[in-house]
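# Observations on the model geometry
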Amino acid sequence: MRLTLVMDPHDDALKVPVSVIVERHGSIVATYKAVSDDTHTPAIVAAALVDAQSKVLDVAAHRRETLARK
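Below you will find a few notes about this structure. Keep in mind that this is a model prediction, so the values were computed, not measured. (Residues numbered from 1 in each chain as written. Predicted model: local features only at pLDDT ≥ 70, side-chain atom pairs only at ≥ 80, totals over all residues. Heavy atoms only, no water.)

### Here's the deal with the nonpolar core
- The biggest cluster of nonpolar side chains holds nine residues, and these are Ile28, Ala30, Tyr32, Ala34, Ala43, Val45, Val50, Leu57 and Ala61.
- Per element, the largest residue contribution to this core is four residues, and it comes from strand S3 (residues 28-35).
- Ignoring any residue separated from it by four or fewer positions in sequence, one finds Val45 in contact with Ser19, Ile21, Tyr32, Lys33, Ala34 and Val50. (Core = buried A, V, L, I, M, F, W, Y, C linked by side-chain atoms within 4.5 Å. Buried < 20%, exposed > 50% of the residue type's maximum accessible area, 1.4 Å probe, protein only. Helix = DSSP H or I, 4+ residues; strand = E, 2+ residues; numbered from the N terminus. Contact = heavy atoms within 4.5 Å.)

Pasting the structure below:
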């Protein structure tokens, strides 16, 4: 999801591009947010970060579900 954060509601307000990713891993919800430092460049959440963290969270979610069944 891409958003624009408005720092002040006036016409000359600072507007900052923001990207947000929300993923569910079992009962775990992870959120990732990136903010651009250039108002004309979209914010991008690093795919490598999301992929690496998702692998860890998938393992944690699987372990949690396995322990809950015991």
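Structure's up, so let's keep going.
### A few points about the environment of Arg69
- Position of Arg69 relative to the elements: it lies in helix H1 (residues 47-69).
- Between the alpha carbons of Arg69 and Ser54 there is a distance of 23 Å; along the sequence they are 15 residues apart.

### Examining the pairing of strand S2 (residues 15-25)
- Where strand S1 (residues 2-6) meets S2, five bridges bridge the pair, whose relative direction is antiparallel. Residue pairing for S2: Val6 is matched across the bridge by Lys15.
- One ladder, built from eight bridges, connects S2 with S3; its direction is antiparallel. Pairing of Glu23 across the sheet is with Ala30, part of S3.
- From the end of S2 to the start of S3, which pair antiparallel, there are two residues, and Gly26 there has a positive phi angle of about 65 degrees. (Pairing = 2+ DSSP bridges.)

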